[in-house]
Amino acid sequence: MPTWSEYKTVAHERGALAMEMFVVESKPAATPEEMKEILPRHLAYQMEMEAAGKLFLAGPLSDPSGKEMSGGGLIIYRASSIEEARQLAEGDPMHREGGRTFEVKAWLINEGSLQVGLSLSNQNLTIG
């Protein structure tokens, strides 16, 4: 099994995008009421990270049925290293104040497509 660094090189050489980002899986560590109290500070931090160009995508996760909230979330950061991504996650009030625990992993984007549509007259955004 190649190292992560070796795999990034191999993926790039075969023509894949090989863009590295960092995924944070955030899991509940407090009651829903406690997390709700932290939520405004968490969302403000997310907006700050977005404005700084560090936040790629973020949002809540459902339970395995897809019908209930899990209390957890997924955050994808643009960072120069896993250490920087960990620091960004540690700075999130939801983690810093004990609302959730988290795990950071490097993610290599190789395949897929993204289509964005923006209709100005009706203020409609579609992502697919």
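Placed above this text is the structure.
Residues numbered from 1 in each chain as written. Predicted model: local features only at pLDDT ≥ 70, side-chain atom pairs only at ≥ 80, totals over all residues. Heavy atoms only, no water.

**Details of the overall build of the protein**
Helices and strands together make up the secondary structure of the protein, namely 4 helices and 6 strands. Traced from its N-terminal end to its C-terminal end, the protein shows the element sequence α-β-α-β-β-α-α-β-β-β. Oriented by its inertia axes, the alpha-carbon framework of the protein measures out at about 50 × 45 × 35 Å. When the 128 residues of the protein are sorted by exposure, 29% land in the buried category. Counting contacts in the protein only where the partners sit at least 6 residues apart, residues at least 24 apart contribute 63% of the total. Surface exposure of the protein reaches about 8600 Å², of which carbon and sulfur atoms provide 57%. Averaging the locations of the 12 positively and 18 negatively charged side chains of the protein gives two centres separated by 2 Å. (Helix = DSSP H or I, 4+ residues; strand = E, 2+ residues; numbered from the N terminus. Buried < 20%, exposed > 50% of the residue type's maximum accessible area, 1.4 Å probe, protein only. Contact = heavy atoms within 4.5 Å. Areas by Shrake-Rupley, 256 points an atom, 1.4 Å probe, with all protein chains shown as cover. Lys, Arg positive; Asp, Glu negative; His and termini not counted. Charge placed at Lys NZ, Arg CZ, Asp CG, Glu CD.)

**Observations concerning the environment of glycine 91**
Checked against the element boundaries, glycine 91 lands in helix H3 (residues 82-91). With sequence-adjacent residues up to four places away left out, glycine 91 is seen in contact with Tyr45 and Arg96.

**Topic: H3**
A turn of α-helix holds 3.6 residues, and therefore any two residues three or four places apart point the same way. Regarding H3, the residues found buried are Glu84, Ala85, Leu88, Ala89 and Gly91. Viewed end-on, H3 has its buried residues packed into an arc of 160 degrees, placing them on one side of the element. For H3, the secondary structure elements touched by its buried residues are strand S1 (19-28), helix H2 (32-51), strand S3 (69-77), helix H4 (93-96) and strand S4 (100-109). (Arc of directions from axis to C-beta.)

**Remarks on the sheet that holds S3**
Spatially, 4 strands are ordered S2-S3-S1-S4 in an open sheet, and the strand pairing comes out antiparallel. Because the sheet does not close on itself, it has two edges, and the strands there are strand S2 (55-62) and S4. Strand-to-strand twist in this sheet, taken as the mean axis angle between neighbours without regard to direction, amounts to 20 degrees. Here 10 bridges tie S1 to S4, and the two strands are oriented antiparallel to one another. (Pairing = 2+ DSSP bridges. Axes fitted to C-alpha atoms, helices over the stretch in contact; angles between N-to-C directions.)

**Observations concerning the nonpolar core**
Residues Phe22, Val24, Tyr45, Met49, Leu55, Ile75, Tyr77, Ala79, Ala85, Leu88, Ala89 and Val104 constitute the largest nonpolar core, which totals 12 residues. Those elements giving two or more residues to this core turn out to be S1, H2, S3 and H3. At 3 residues, H3 tops the list of elements feeding residues into this core. When neighbours within four sequence positions are excluded, isoleucine 75 is seen to be in contact with Phe22, Val23, Val24, Gln46, Leu55, Leu57, Ala58, Asp92 and His95. (Core = buried A, V, L, I, M, F, W, Y, C linked by side-chain atoms within 4.5 Å.)

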